[in-house]
Amino acid sequence: MIKPLNFTAKEVLHSLLDKSKTQTIRRSWKECSICNGIGKLEECCPCQKADIENKYTKCSKCAGTGIIEKQPKYKAGDKVPLVWKFEEEGSVIYCCECGKQIKRLDEDHTSSCGMEYETFNKNLGTVIITEVFEIEIGRTKINPTLKSPYWIEGLDSIEDLAKRDGFKSVKKLFKYFNKNYDLSEPRKFWVYRWKRIGDFNA
């Protein structure tokens, strides 16, 4: 059974609801559970002693980098459900404005989003994956001659990437990824693009 694509970022909620979001960008790496993401050879406790000087070899799981590459979770042709906050139990109804779960009509929510806020079901439909490819995103050192301190390798148009992913600008996309994944070191990501099943009949 194919695991749903789960979404939690408010930044792309509106594009999910109006169906203008046609892709998602997911990590193609994870932190090593042995090294706890540290990547320092001397702190890899399970590593074996390498020589008579008691120096440690590289971690057998991540080769001392603290990072393990992940294979793509989906392939072209897969039918994948889109879900908002998949792991959150309880009500399946959420606020279109803030993305929070609606358990009851309470004053706290109506005061923040208004009395007539709209709601949506967390199950956002099923899509068919059309493309899967890898990109690399990084942040350069501060350079006043550069238009942007960020860069992406693996595609032609950064603007198109941001638009397809539901961000209002390239700047907002970079801001989100830098905040969540720290782009001071280059990071690789899988890009999954899709069409909704009804779109194939158009």
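Everything numeric here is computed off the predicted structure, so don't read it as measured data. Residue numbering note: each chain is counted from 1, following its sequence as written. Whole-chain, interface and lining totals are the exception, using all residues; otherwise, since this is a predicted model, local features are given only for residues with pLDDT of at least 70 and side-chain atom pairs are given and counted only at 80 or more. Hydrogens and water are ignored here; the side-chain numbers use all heavy atoms of the structure.

K.L.:
With reference to specific residues and values, describe the overall build of the protein chain.
P.N.:
A tally of helices and strands in the protein chain yields four helices and ten strands. Counting helices and strands in the order they occur from the N terminus, the protein chain gives β-α-β-β-β-β-β-α-β-β-β-α-α-β. Only protein chains enter the accessibility calculation, which uses a 1.4 Å probe; a residue is then buried when its area is under 20% of its type maximum, exposed when over 50%, and partly exposed in between. Counting only residues that meet the buried cut, the protein chain has 35% of its 202 residues in that class. Contacts are residue-level and defined by heavy atoms, with any inter-residue pair within 4.5 Å sufficient. By sequence separation, contacts in the protein chain at least 24 residues apart represent 70% of the contacts at least 6 residues apart. Looking at the protein chain as shown, the accessible area adds up to about 13200 Å², and 48% of this sits on carbon and sulfur atoms. Secondary structure elements follow DSSP: runs of H or I of four or more residues count as helices, runs of E of two or more count as strands, with numbering from the N terminus. The accessible surface values rely on the Shrake-Rupley method and a 1.4 Å probe; as for residues, cover is taken only from the protein chains in view.

K.L.:
Please set out the nonpolar core residue by residue, giving values where relevant.
P.N.:
Formed by 35 residues in total, the largest nonpolar core has its most connected members in Ile 25, Trp 84, Ile 135 and Leu 173. Among the secondary structure elements, those contributing two or more residues to this core are β1 (5-7), α1 (13-17), β5 (79-84), β8 (123-139), α3 (158-164), α4 (170-181) and β10 (187-196). Among the elements that take part in this core, β8 stands out by supplying six residues, more than any other. Those residues within four positions of Ile 25 in sequence are excluded, and the remaining contacts are Ile 135, Leu 161, Asp 165, Leu 173, Phe 177, Phe 189, Trp 190 and Val 191. In this structure, Cys 95, Cys 98, Ile 102 and Tyr 117 belong to the second largest nonpolar core, which totals five residues. For this analysis, a nonpolar core means a set of buried residues of the types Ala, Val, Leu, Ile, Met, Phe, Trp, Tyr and Cys, connected via side-chain atoms within 4.5 Å.

K.L.:
Let's hear about the environment of Thr 24: which residues, and what values?
P.N.:
Structurally, Thr 24 is set in strand β2 (residues 23-27). On the basis of relative accessibility, which here comes to 4%, the residue Thr 24 falls in the buried class. Remark: the alpha-carbon pair of Thr 24 and Trp 194, spanning 170 residues in sequence, is separated by 8.8 Å. In contact with Thr 24, other than residues within four places in its own chain, are Leu 5, Phe 7, Asp 165, Trp 190, Val 191, Tyr 192 and Trp 194. Within the structure, Thr 24 has its side chain in polar contact with the side chain of Arg 26 (distance 2.9 Å). The term polar contact refers here to a pair of N or O atoms within 3.5 Å; inside protein, the definition further demands a hydrogen-donor-capable atom paired with an acceptor-capable atom, and it admits residues adjacent in sequence only when both atoms are side-chain atoms.

K.L.:
Could you give an account of the environment of Leu 161, with specific residues and numbers?
P.N.:
Mapped onto the elements, Leu 161 comes out in helix α3. By relative accessible area, which is 0% here, Leu 161 ends up buried. Residues Leu 161 and Gln 23, 138 residues apart in the sequence, show an inter-C-alpha distance of 8.5 Å. If near-sequence neighbours (up to four positions away) are discounted, Leu 161 is found in contact with Gln 23, Ile 25, Ile 135, Ile 152, Leu 155, Leu 173, Val 191 and Arg 193.

K.L.:
Describe the packing of aromatic side chains, naming the residues involved and giving the relevant values.
P.N.:
A pair of aromatic rings is counted whenever rings of Phe, Tyr or Trp (Trp by its six-membered ring) have centres within 6.5 Å, and the orientation is called stacked for planes under 30 degrees apart, edge-to-face for over 60 and tilted otherwise. Here the structure, examined in full by the defined rule, presents eleven aromatic pairs. Centroid distance Phe 177 to Tyr 181: 5.6 Å. Interplanar angle 35 degrees. Geometry classified as tilted. Placement of the pair is Phe 177 and Tyr 181 together in helix α4, with a separation of four residues, close to one helical turn. An aromatic cluster is defined as three or more aromatic residues linked by ring pairs; in this entry it consists of Trp 29, Phe 167, Tyr 176, Phe 177, Tyr 181 and Phe 189.

K.L.:
With reference to specific residues and values, describe a positive patch on the surface.
P.N.:
Each patch is built from residues lacking any salt bridge and having more than 30% relative accessible area; the joining distance is 9 Å for like charges and 5 Å for nonpolar side chains (Val, Leu, Ile, Met, Phe, Trp, Tyr). The rule for a salt bridge is simple: a side-chain nitrogen of Lys or Arg has to be within 4 Å of a carboxyl oxygen of Asp or Glu. Positive charges come from Lys and Arg alone, negative charges from Asp and Glu alone, with His and the N- and C-terminal ends not counted. A charged residue contributes its charge at one atom only: NZ of Lys, CZ of Arg, CG of Asp or CD of Glu. The grouping of Lys 168, Lys 171, Lys 172, Lys 175 and Lys 179 at the surface amounts to a positive patch. Since its relative accessible area comes to 70%, Lys 171 is described here as exposed.

K.L.:
I'd like to hear about the layout of surface pockets, residue by residue, with values.
P.N.:
In the cavity and pocket records, a cavity denotes points on a 1 Å grid over the protein atoms alone where a 1.4 Å probe fits but cannot get out, a pocket denotes an open set with protein on both sides within 12 Å along at least 5 of 7 lines, and lining residues are residues with an atom within 4 Å of a point. Grid points are joined across faces, edges and corners, and a volume is the space filled by probe spheres set on the points. In this structure, the largest pocket encloses a volume near 670 Å³. Every residue lining the largest pocket is counted, 26 residues in all, and those nearest its centre are Asn 6, Thr 24, Ile 25, Arg 26 and Tyr 181. Only β1, β2, α4 and β10 provide two or more residues apiece to the lining of the largest pocket. The leading source of residues in the lining of the largest pocket is β2, at four residues. Partitioning the lining of the largest pocket into residue classes produces 14 nonpolar, four polar and eight charged. By volume, the second largest pocket amounts to about 380 Å³. Lining the second largest pocket are 13 residues, with Glu 11, Val 12, Phe 167, Lys 168 and Lys 172 positioned closest to its centre. Only α1 and α4 provide two or more residues apiece to the lining of the second largest pocket. In terms of residue count, the dominant contributor to the lining of the second largest pocket is α4 (four residues). Following the grouping adopted for this structure description, the nonpolar residues are Ala, Val, Leu, Ile, Met, Phe, Trp, Tyr, Cys and Pro, the charged ones are Asp, Glu, Lys and Arg, and the polar ones are all others, Gly among them.

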